[in-house]
Amino acid sequence: RHRGSGKMDAALLDAIRKELPRVKVPGAYDAVHNDECLFSTDTPFAPDGIFVSLSDWRAYNAADVRTRAPAGQHLFLNLKFSRVPKQKPTSAEAAEAADPTKLAIGVEGGFDSDALEETIKTRSLFVLPQGVSVLLGDELPELILQACQAIEAHASVSDQASAVAWQEEVEVSQYAQGLEQLEGVKVSPDPSTWVCADCGVRENLWLNLSDGYIGSGRAQAFGAGGTGAALRHYEEMRQAGKEFPLVVKLGTISAQGADVYSYAPDENDSVKDPLLAQHLSKLGINVMALSKTEKTVTELQIDLNKAFEFDQIIESGRELTPLSDPGLCGLANLGNSCYMNSSLQLLFAIPETTERFLKPAAQWFDSAASDPAADLHIQLAKLAVGMLTERYACADAASAASSADCISPCILKALLGKGHSEFSSNRQQDCLEYLVHLLDRLERADKAEQPRIGRILSPAARAAELPPLFKFTTEERLQCGQSGSVRYIRNPSSFLSLPVPLEAATNLEAVKAAEAEEAAIESGPGSKKQRVSAGTIRPLVPLEACLSAYASEEVVEDFYSSATDKRGTASKNIRFATFPKYMLVQLKRYYVSDDWTPKKIEASVPMPETLNLESLRGTGLRPGEIALPDKDEQPRAAQAAAEPAAPNEEIVASLVLMGFSEIGSRKAALATGNTSTELSMEWVFAHMHEPDFNDPPVAAAATSAASPAVSAEAIEMLCGMGFAPAHATAALSQCAGKFSLS
């Protein structure tokens, strides 16, 4: 491969022109992979960059573009970026002026995301089968240049998915209907003529929909420069008695919509204008004739979120030792994605991931279907190559600290977040909940792809399924307090949720003394500075104490005994019927305090190097024990009939205030019989990872009347395959109780 220089060869130019019928310019909502290769975690910062097809906008690395790109695709945009250190200020005054004074990015006094490095971008047209790269220039056909510009400026697939989640919260402006528009005002439809009426700049321009004024927007933290002329114009018009609040960002207008903002004091936010096409038409602009050329505010905010490096703040002044080796490659922040990165680092640290995805990576890639970006197995295989080989390990470990040298699994994040209201957003999430979600998606993909897996994988790789490695079964033992008879219930699980008993802290006396000292200081005289405590001592709770609390015996009130046909008390404890190869442990740190507010247990629970759980192994029915008769169908039906038809609204309101969804809160209140907020919260923590957690509850009366009898054996068989008891019961009910059809 070589780069063209000087005048382009006539034969090469003819070959490029023959491909013009296959060249497509992406529209605003087309899927464009301009930030990551489909079959590797290469980005534009890779040594050879990435190659984006001008036909279907899919990206490949330097090797895959020749072997995995569809036949007939010969033109690719080669995006190759590199970062070089910026020169440090030479004088003490300049260095002091460069220091941030605000906790912000991209604004005066804040952190400059490009303060230490600058990005050098090279763009060229790569032509197959010649294998020639041509720098973009005037000699290339105009359609080629338009397509290349649109591909690079386009929001990536992962950014589009995040933008959809963010844009759902945009409301329709109350000023859109009946918006005042001056008569006779026309705006040139030619984008090259658009300039700020105040200062003449050509970027970040906003058009007032009432009088056609074009002004510069405000400077934003995400790097969009501006003078605020558009806002000042609105304020001047308002002082003159004219309300012209709606503006549209030029460069974002297309047939699919545009970026609209309301300057009105009671909105002052991004809004929707359902009559935008009509309003622009009166100003002489045809939305059908325009295409999106700039990123929206939402997309720019996403870019800022991704670029934010928290270690620049919280690790300032600390000496950190960068590491770079197979298995030690970092994952980039994709916007509050620490929960995803932690889950992936955990999953790719076990040898089964190497056996399942790394060793047969080529076989996974060769078996790719029509859309590799939607293939979970391929995306995990390429991440295994990135994280577990020397491909991205830096020869110089010091350079590993650069964000350009870490892995950015953008396509995988978008794929796993698809259809999930939380994981498709840029909000912070729970690591365990995400890991359970990932394993659930992988298990479903494994079941759906059994023929493919059997065809391409070795026996060792087929045996290295990841979801079963974390599954185990608990044994719940109930003993009737009246008859002494027992019942054993087995429940499948994929993680162990442990309480944190503060009373078992090894430094309990020191904690109490520190709390008393702090209380005395706070209540005593003196300035606020003098009342600051010397330091908080956290309780140290051994993990063994957490396990003991989990396995301890508890009393069950109002227990129906099928042996005596009466209600009374029973004792309950939990043991392990089976153990997983890898145990996921969650510490239950959240609880509801006496004032009905959620609180977090601030305690340290050191993790031991080894842990023996043999003493907690279940035994099943022991010699001499009498099993409770299995005749509880009628009492259960009576209990179901007595269950509350509606959730307690106070409990629901309390859970919603804690941040849980309303549907999930209602289901929790119903499932716990409206007993208490604390019990409902425990139910939420136990079930919030389930896919149907936010599905509306099904009326008990409607389901019980139509559901056939389902045997406990059939339910247990399905549970043994990894399905939740509720899902197993529902499946059997829909299949007339027949296991073979479920």
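If you trace the six strands from one edge of the open sheet to the other, you get E7-E12-E11-E10-E8-E9, paired in mixed fashion. Each edge of the open sheet carries a strand with a single partner, namely strand E7 (171–172) and strand E9 (214–216). Bridge analysis of E7 against strand E12 (residues 269–272) gives two bridges, and the strand direction is parallel. Residue pairing across strands places Val172 opposite Lys272, the latter belonging to E12. Those strands touched by helix H6 (residues 229–239) are strand E8 (205–208) and E9, and its axis lies near 125° from that of E9.

Our next topic: helix H4 (residues 142–153). End to end, H4 covers 17 Å across twelve residues, agreeing with the expected 16 Å (1.5 Å per residue, within 8%). If you check which residues of H4 are buried, you get Ile144, Ala147, Cys148 and Ile151. Looking straight down H4, one finds its buried side chains confined to an arc of 100°; they lie on one side. Among the exposed residues of H4, those oriented more than 90 degrees off its buried face are Glu142 and Gln149. Where H4 is buried, its residues touch helix H1 (10–18), strand E2 (50–53), strand E4 (75–85) and strand E5 (117–127).

A few words on the pattern of salt bridges. Charged atoms that come close allow side chains of opposite charge to pair. Tallied over the full model, the rule gives 23 salt bridges. We note a salt bridge from Asp371 to Arg58, for which the minimum N-O separation is 3.8 Å. In this pair, Asp371 sits in the loop between helix H12 (361–366) and helix H13 (376–388) while Arg58 sits in the loop between E2 and strand E3 (59–60), placing the two residues 313 residues apart along the sequence. Ionic pairing is found between Arg68 and Asp366, a salt bridge with its closest N-O pair at 2.8 Å. In this pair, Arg68 is assigned in the loop between helix H2 (64–67) and E4 and Asp366 in helix H12, connecting sequence segments 298 residues apart. Within the structure, one salt-bridge network assembled from shared partners comprises Asp64, Arg68 and Asp366.

It is worth spelling out the environment of Ala63 at this point. Along the chain, Ala63 turns up in the loop between E3 and H2. Considering only alpha carbons, one finds Ala63 and Ile50, 13 residues apart in sequence, at a separation of 9.9 Å.

So, on to the confidence of the model for the protein chain. The share of residues in the protein chain with pLDDT of 70 or more is 75%, and the mean pLDDT across the chain is 81. Residue range residues 526–535 is modelled with pLDDT below 50. Its contacts to residues more than four positions away, or to other chains, number seven contacts.

Turning next to unusual backbone geometry. Between Leu128 and the following residue, Pro129, the backbone shows a cis peptide bond with an omega angle of 5°. Mapped onto the fold, Pro129 is located in the loop between E5 and strand E6 (132–135). The backbone phi angle of Asp558 is positive, close to 55°, even though this residue is not glycine. Tracing the backbone shows Asp558 in strand E16 (residues 554–561). Under the relative-accessibility criterion, Asp558 is labelled exposed at 52%.

The two faces of E8 match: Leu205 and Leu207 on one face and Trp206 and Asn208 on the other face are all buried. Taken together, the three bridges between E8 and E9 define a ladder with antiparallel strand orientation. Pairing of Leu207 across the sheet is with Ile214, part of E9. Between E8 and E9, which pair antiparallel and follow one another directly, the connecting turn spans five residues, one of which, Gly212, has a positive phi of 75°.

Our next topic: the nonpolar core. One finds Phe76, Leu344, Phe348, Phe357, Leu376 and Leu383 to be the most contacted residues of the largest nonpolar core, which totals 60 residues. Of all elements in the fold, only helix H10 (338–347), helix H11 (351–358), H12, H13, helix H14 (410–417), helix H15 (431–448) and helix H16 (450–456) reach the threshold of two or more residues within this core. The contacts of Phe348, once residues within four sequence positions are left out, are Thr353, Leu380, Leu383, Ala384, Met387 and Leu388. Within the second largest apolar cluster, 24 residues are counted, among which are Ile16, Val23, Ala59 and Ala147.

Attention now moves to H15. For an α-helix, 3.6 residues make a turn, and residues three or four places apart therefore share a direction. Counted at 1.5 Å a residue, the expected span for H15 with its 18 residues is 26 Å, and the 26 Å between its end C-alpha atoms agrees. The element H15 is largely enclosed, with a buried count of 13 among its 18 residues. Looking at where H15 begins, the residue whose side-chain oxygen comes 3.2 Å from the main-chain nitrogen of Leu432 is Asp430.

Okay, the sheet that holds strand E14 (residues 486–493) next. Spatially, the four strands line up as an open sheet ordered E14-E13-E17-E16, and their pairing is antiparallel. Every other strand in the sheet has two partners, leaving E14 and E16 as the edge strands with one partner each. Averaged over neighbouring strand pairs, the angle between their axes works out to 35° when direction is ignored. Of the strand pairs in this sheet, strand E13 (residues 472–480) and strand E17 (residues 566–576) are connected by seven bridges, and their pairing is antiparallel. Considered in E17, the bridge of Glu476 is made with Ile574. The strands that helix H19 (residues 543–551) touches are E13 and E17; relative to E17, the one it contacts most, it runs at about 145°.

About the cut-offs
- Residues numbered from 1 in each chain as written.
- Predicted model: local features only at pLDDT ≥ 70, side-chain atom pairs only at ≥ 80, totals over all residues.
- Heavy atoms only, no water.
- Pairing = 2+ DSSP bridges.
- Helix = DSSP H or I, 4+ residues; strand = E, 2+ residues; numbered from the N terminus.
- Contact = heavy atoms within 4.5 Å.
- Axes fitted to C-alpha atoms, helices over the stretch in contact; angles between N-to-C directions.
- Expected span 1.5 Å × (residues − 1).
- Buried < 20%, exposed > 50% of the residue type's maximum accessible area, 1.4 Å probe, protein only.
- Arc of directions from axis to C-beta.
- Salt bridge = Lys/Arg side-chain N within 4 Å of Asp/Glu carboxyl O.
- pLDDT = per-residue confidence, 0-100.
- Core = buried A, V, L, I, M, F, W, Y, C linked by side-chain atoms within 4.5 Å.
- Polar contact = N/O pair within 3.5 Å; in protein donor to acceptor, adjacent residues only side chain to side chain.

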